[in-house]
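Fold and geometry: a report
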Amino acid sequence: MTTDDLRKNGMMTHLLDALDRGDDIGHYGRLVFAIVARHFIPEDELVRRLANDRDFSEEDARTLVSQVQEHDYNPPRREKILEYMGKQDFPILPDVDDPDAGNVYRDLDFPQRVYDHISEYHHQKAD
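Along each chain, the written sequence defines residue order, and numbers are assigned to residues from 1. Note on the predicted model: pLDDT of at least 70 is required for a residue's local features to be given, and 80 or more for side-chain atom pairs to be given and counted; whole-chain, interface and lining totals, by contrast, use all residues. In computing side-chain properties, one takes all heavy atoms of the structure into account and sets aside hydrogens as well as water.

1. Looking at the nonpolar core
To qualify as a nonpolar core, a set must consist of buried Ala, Val, Leu, Ile, Met, Phe, Trp, Tyr and Cys residues joined through side-chain atoms within 4.5 Å. Partly exposed residues are those whose accessible area sits between 20% and 50% of the maximum for their type, while under 20% is buried and over 50% is exposed, using a 1.4 Å probe and protein chains only. Ranked by size, the top nonpolar core spans 37 residues in total, and within it Leu6, Met11, Met12, Leu15, Phe33, Leu50 and Ile92 carry the most contacts. In DSSP terms, a helix is any run of H or I states spanning at least four residues, a strand is any run of E spanning at least two, and both are numbered starting from the N terminus. Among the elements of the structure, helix 2 (10-21), helix 3 (26-37), helix 4 (43-51), helix 5 (58-71) and helix 6 (78-85) are those that each provide at least two residues to this core. Looking at which element gives the most residues to this core, the answer is helix 3, with eight residues. Any pair of residues with heavy atoms lying within 4.5 Å of one another is described as a contacting pair. The contacts of methionine 11, once residues within four sequence positions are left out, are Val32, Ile81, Ile92, Leu93, Pro94, Gly102 and Val104.

Below, the structure written as structure tokens:
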């Protein structure tokens, strides 16, 4: 998988473009980017892209990627992304009025283990 795969989602394209410009996408923007992108690009590329954020070093990026992998976070739903946006200046979603914006599950094909993890969570929650 590649960044071309990530660009199938408007939010991820928005974050990739911002990082390519060296913009500060904020703590939650970096977190969302890392959680989603780790399934599509190699770790070194993920670290390099996060380190493009003018307020984030390569060491910071490696630490964030390590934490995301250690906790094995599921990609966030739109509601969680909107909550994150309320905590920072950078708009993670390029168009908050679009109800599909931020729905990474609609546009991106994740590895099966992501869907299995979500299903397991819902089963545990139901019990």
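From this point, the discussion proceeds with the structure in view.
2. Looking at the environment of leucine 31
Mapped onto the secondary structure, leucine 31 falls in helix 3. In the structure, leucine 31 is positioned 30 residues away from alanine 61 in sequence and 9.9 Å away in space, judged by C-alpha atoms. With near-sequence residues (within four places) excluded, leucine 31 lies in contact with Leu64, Val68 and Tyr84.

3. Comments concerning the packing of aromatic side chains
Ring pairs are drawn from Phe, Tyr and Trp, using the six-membered ring of Trp, whenever the two centres fall within 6.5 Å, and their geometry is named by plane angle: stacked under 30 degrees, edge-to-face over 60, tilted for the rest. Here the structure, examined in full by the defined rule, presents three aromatic pairs. Where phenylalanine 40 meets phenylalanine 110, the ring centres are 5.3 Å apart and the plane angle is 70 degrees; that geometry is what we call edge-to-face. Of the two residues, phenylalanine 40 sits in the loop between helix 3 and helix 4 while phenylalanine 110 sits in the loop between helix 7 (104-107) and helix 8 (112-126), which places them 70 residues apart along the sequence. Exposure class is identical for phenylalanine 40 and phenylalanine 110. Each is buried. Ring pairs connect the aromatic residues Phe40, Tyr105 and Phe110, which therefore count as one cluster.

Shape descriptors only; they carry no functional weight alone.
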